[in-house]
Amino acid sequence: MTQPAAEGEPVHLARNLGLFDITMVGVGAMIGAGIFVLTGIAAGPAGPALILAFALNGVVTLLTAMVYAELGSAIPEAGGGYLWVKQGLPAWNGFLAGWMSWFAHAVAGSLYALGFGAYLASVLASFGLTPSGISEEHLTKALAVAVALLFVGINFKGVSEAGKVGNIITLAKILILAIFIISGMAAIFRHPIYLEKFTPFATGGMTGVLTAMGLTFIAFEGYEIIVQAGEEVRDPKKNIPRAIFLSLAIVVPIYMLVAFTAIGAVNPGTDQPTWQWLAEHAELGLAEAARQFMPFGATLLLVGGLFSTMSALNATTFSSTRVSFAMGRNRNLPEMFARIHERTQTPYLALAASGALIIFMAVAIPIADVAAAADVMFLLLFLQVNIALIVIRKRYSDKLDYGFVMPFHPVLPAINIGLIAFLALFMFHFSSVAWFFVVGWIMTGFLLHRFYAFPREREADATPIVLHEKPAAMPEQFRVMVPIANPKSAEGMINVAARMARPVNGQLVLLHIAKVPPQTPLAGGRRSLERIRPAVEQSAEVADKLELDSESLVRLAHEPWRAIVDTVEDHKVDFVVMGWKGRALAPKTMIGRNIDRVLKYANCNVLIVQQKAAVPAKRILVPVVEPRSAALLVSVARLLFDESEPESRLTVLHIVPPKSSDAHRDAQMERIAQTLQQPGPFNTQDIQALLEAGRIELKSTKSKDIVRSIATRTRDADLLILGSSRANWFKRTIVGRKPYRIAGRSACPVIMVSPKTVGARFSMQTFFHFFREEPER
């Protein structure tokens, strides 16, 4: 029945769609229930300015369409915007983009199914064929379920069959709208006085125009469906951009001409403005307008409505299936969503799930507000895609083969981000209930990602462990990890780590990393295990001599920092001790490439030890900027302090600006003293005793050049311990660089201490670090 992928082999779809087919998919999705059902409703708030609302939506759509054309031509895979956000933004954005896109397309499908049910019920009523004993509402829902099941079946037959049906339906409704426009234009030409119906133009002001834009925006998102099918398009580099722009070139003028004709060609027979007359007829406004000036107008428009809702339902069933298929293939949803049927080559279980969601929403949910929620979700998805474009262009432009490149980058994407955000927020004015649905769905997505998708992604992406040696019974303890990059300096690093672990009965985690070339799969690095094993045994012997519990790991990684971060997370490491040669060897680095990334992405205390540092040290200098950081810095210094020598001194130095008052300086020194009186993080309760004995000195000085002042004092020290910032961008760039400048000018070895960050703050910092990350070369 089904065709599973071979182990480790990605699942792909067949390329069966040509330019005409994929253009019709986009046109069919856009000319759907929106233009037939929403024209009369949207005329109410906008008045004749409905034409302007369609035009402005066309502008906003064009900007985002260019983003989709660029990314769709370069990354033509099933999933579209979901995959781009996943590649361009932090992982949870990608999951939410797919989650919202799946829901939005499915709900749009529910709307089209219900639209079909309403139109068909009207046709049946006009011929006296309405079944007895069933209400109009129940008949509409029953017909909606039937047509949804029909198109699930058609899509199951394969995209070629679905595409042929969709092409016929799309051409038929374009023909009907063409007759509507020509007939209306003829009526206006015969009665030039009808042009007065457009005065006044914006009867609802700009608020009315924006309301109409928000209400009808769902009618412009068909290009998103084009890229959902990117993996099934022949020559996607050329055909996806062409199809996107061709579909917009067809649809936007049709929308504007339909609005112009509907408002200008109707004669209500009273003094009532045409736009009010259309608003009163609501979803049947277009059909009632056609009755006046178009041959067989009402009948043809009802038939057109049936065709439009069917083609749009076909397109949204197709697209929602492809999003859930892509999420299943990427392990964001269960793998069953990625199964391909052997005969039809379609993701049949993803199709079944999407069909079930469409039917459930059509039957059980108030469709008007949820349709508005779909609008907001499409806007939020487009917002994420615009941001992702900026990041992808920065990080991967030299690695992608583009068929179209958006001009004026990043100005146009930035403008579009502002327009989309404004329109999405304005939708709260139109339907607050829609925003409540959006928030509820997104929160559900957050929970699903946190407890289901993220652990699976983490499991799939983690650097593999090829050797793990530890005692049989090893209780959960305070863990200090030493990533061993250079066996020659390993003993010194382990000695420092032991001094961190011993006071709290902690244990050592000795991490060895087998670096695998980027072009080689990680599994190919297993041959490096025998080469690393002597270093593993040597470091374990050092730990045994220190009489500390330890475990040894060997991980395979293309980039060492990823193995370190993975170990911090899965072993719940409290402190990392890393060696440092003493200067940054690469441009745009603070300390070193791997250390910089560990500081960004590993939320634990990090000790960065200059390899020439010798501990214990007799004379230690600890500069303190913030009194609250004194406890950790002095506790670390205390563990590295050689108190066996009577002349050993630990100096805590606080530097204040020259203009600071003596009272301010004294207050700061008092705060530092109070901080040191509290038990330190390593049970260093004897700090107070050392203070009283004069072995720890508290000093302060005024200076306008902190770097120079500290560097000068390092001439009389054996070891300098500095606090390293992992704060926000401004502090890290302007203030946070000072420790590295001091380290560069220090006359003695340096150890830098980077403290753990509060969870929520660390998450925000990691989010913004992601956008500034340079592409891998």
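Because the structure is predicted, anything quoted here is derived from the model rather than measured. Numbers given to residues run from 1 along each chain, matching the order in which its sequence is written. Residues qualify for local features only when their pLDDT is at least 70, as the model is predicted, and side-chain atom pairs are given and counted only at 80 or more; totals for whole chains, interfaces and linings, by contrast, use all residues. The basis for every side-chain value is the complete set of non-hydrogen atoms in the structure, without hydrogens or water.

### Observations concerning the overall build of the protein
Within the protein one finds 28 helices and 13 strands. The buried share among the 777 residues of the protein stands at 57%. In the form shown here, the protein has an accessible surface area of approximately 32,600 Å², with 60% of it arising from carbon and sulfur atoms. Segments assigned H or I by DSSP are reported as helices when at least four residues long, segments assigned E as strands when at least two residues long, and all are numbered from the N terminus. Relative accessible area decides the class of each residue, using a 1.4 Å probe on protein chains only: under 20% of the type maximum gives buried, over 50% gives exposed, and in between gives partly exposed. Surface accessibility follows the Shrake-Rupley procedure with a 1.4 Å probe radius. Residue values consider only the protein chains on display as shielding.

### Description of the packing of aromatic side chains
Only rings of Phe, Tyr and Trp enter the pairing, Trp through its six-membered ring, and a pair is recorded when the two centres are within 6.5 Å. The plane angle decides the type: under 30 degrees is stacked, over 60 is edge-to-face, the rest tilted. Summed over the entire model, instances satisfying the criterion amount to 18 aromatic pairs. Aromatic pair F198 and F260: ring centres 4.7 Å apart, planes at 10°, arrangement stacked. Taken as a pair, F198 in the loop between α7 (159-190) and α8 (205-216) and F260 in helix α10 (residues 236-264) lie far apart in primary sequence, 62 residues in all. For the ring pair F220 and Y255, a centre distance of 5.1 Å and an interplane angle of 85° mean the geometry is edge-to-face.

### Let's talk about the environment of S319
Considering the arrangement of structural elements, one finds S319 in helix α13 (residues 297-329). For S319, a relative accessible area of 0% puts it in the buried group. Separated by 95 residues in the primary sequence, S319 and E224 place their C-alpha atoms 8.4 Å from one another.

### Thoughts on the sheet that holds strand β13 (residues 750-754)
Any two strands are treated as partners once DSSP identifies two or more bridges connecting them. Taken in spatial order, the 11 strands make up an open sheet running β3-β6-β5-β4-β7-β8-β13-β12-β9-β10-β11, and their pairing is mixed. Edge positions in the open sheet fall to β3 (465-469) and β11 (696-702), since each of these has one partner strand only. On average, each strand axis in the sheet is inclined to that of its neighbour by 20°, with strand direction left out of account. Looking at chain direction, strand β10 (residues 649-656) and β11 are connected through seven bridges and run parallel. Of the residues in β11, the one forming a bridge with I655 is T701. Only heavy atoms enter the contact rule, under which two residues are in contact if any of them lie within 4.5 Å. The axes are straight lines fitted to the C-alpha atoms, using for helices just the contacting stretch, and the angles between their N-to-C directions are given from 0 to 180°. On the sheet, helix α25 (residues 706-713) packs against β9 (619-623), β10, β11 and β12 (719-723) and is oriented at approximately 160° with respect to β10. Relative to the sheet, helix α27 (residues 738-745) contacts β7 (575-580), β12 and β13, its axis offset from that of β12 by approximately 170°.

### Points about the pairing of β10
Among the eight residues of β10, seven are classified as buried, and the element is accordingly described as predominantly covered. Across five bridges, the pairing between β9 and β10 is parallel. By the bridge assignment, L621 is partnered in β10 with T651. In this view, the connection linking β9 to its parallel neighbour β10 by way of helix α22 (residues 630-639) has right-handed handedness. For a crossover, the right-handed case is the one in which the path from the first strand over the helix to the second runs clockwise, viewed with the strands pointing away from the viewer.

### Considerations on unusual backbone geometry
Here T199 and P200 are connected by a cis peptide whose omega angle stands at -5°. The residue P200 is located in the loop between α7 and α8 in this model. In the segment running from V615 into P616, the intervening peptide bond is cis, with an omega of 0°. Tracing the sequence through the fold places P616 in the loop between β8 (605-610) and β9. A positive phi angle, close to 55°, is found at N505, a residue other than glycine. With respect to the helices, strands and loops of the structure, N505 is situated in the loop between α18 (487-501) and β5 (507-515). For N505, a relative accessible area of 59% puts it in the exposed group. Despite not being glycine, E547 shows a phi value in the positive range, around 60°. Relative accessible area serves as the criterion here: at 72%, E547 is assigned to the exposed category.

### Observations regarding the packing of α22 against helix α23 (residues 662-677)
Between α22 and α23, whose axes approach to 9 Å, the crossing angle comes to 60°. The angle between the axes of α22 and α23 places the two elements in the oblique class. Here α22 runs over α23; the crossing is right-handed. Contacts between α22 and α23 involve A630, A631 and V634 on the former and, on the latter, I672, T675 and L676. For this classification, Asp, Glu, Lys and Arg are treated as charged, while Ala, Val, Leu, Ile, Met, Phe, Trp, Tyr, Cys and Pro are nonpolar and the rest, including Gly, are polar. Of the residues contributing to the contact of α22 with α23, the split by class is five nonpolar, one polar and no charged. For classification, angles of less than 35 degrees are called roughly parallel, those exceeding 145 degrees roughly antiparallel, those between 65 and 115 degrees roughly perpendicular, and all remaining angles oblique. Here a crossing is called left-handed whenever its near helix is offset anticlockwise from the far helix by less than a right angle, and right-handed whenever the offset is clockwise.

### Focus: α23
Residues separated by three or four positions in an α-helix point in the same direction, a consequence of the helix having 3.6 residues per turn. Across its 16 residues, α23 extends 23 Å between first and last C-alpha, which sits within 8% of the 22 Å expected from 1.5 Å per residue. Three or more residues of α23 are buried, namely Q668, M669, I672, A673, T675 and L676. Buried residues of α23, viewed axially, fall in a sector of 160°; they line one side. Along α23, the residues that are exposed and aim more than 90 degrees away from the buried face are A663 and Q677. Of the surrounding elements, those touching the buried residues of α23 are α22, β10, α24 (687-692) and β11. One less than the residue count of a helix, multiplied by 1.5 Å, gives the span that helix is expected to have. To be clear, the arc concerns the directions from the helix axis to the C-beta atoms.

### Structural notes on the environment of Q272
Here Q272 shows up in the loop between α10 and α11 (274-281). Ignoring sequence-local partners within four residues, the contact set of Q272 consists of W277 and E280. Nitrogen and oxygen atoms within 3.5 Å of one another constitute a polar contact, given that in protein one can donate a hydrogen and the other can accept it, and given that sequence-neighbouring residues count only through two side-chain atoms. One polar contact links Q272 to E280, side chain to side chain, over a distance of 2.7 Å.

### Details of the pairing of β12
Burial analysis of β12 places four of its five residues in the buried class, the great majority of the element. Of the pairings in the sheet, the one linking β9 to β12 comprises two bridges and is parallel in character. Bridge pairing in β12 places L621 opposite L720. Pairing geometry for β12 and β13, over four bridges, is parallel. Counted as the bridge partner of L722 is M752 from β13.

### Notes on the confidence of the model for the protein
The quantity called pLDDT is the predictor's confidence in a given residue, expressed from 0 to 100. For the protein, per-residue confidence averages 82 on the pLDDT scale, and residues scoring 70 or more make up 88% of the total. Per-element averaging of pLDDT across the protein places helix α26 (residues 729-735) at the bottom with 40 and β9 at the top with 95. In the predicted structure, residues 1-10 sits below a pLDDT of 50 and forms 10 contacts with residues beyond four places in sequence or in another chain. Residue range residues 727-736 is modelled with pLDDT below 50. Its contacts to residues more than four positions away, or to other chains, number 15 contacts.

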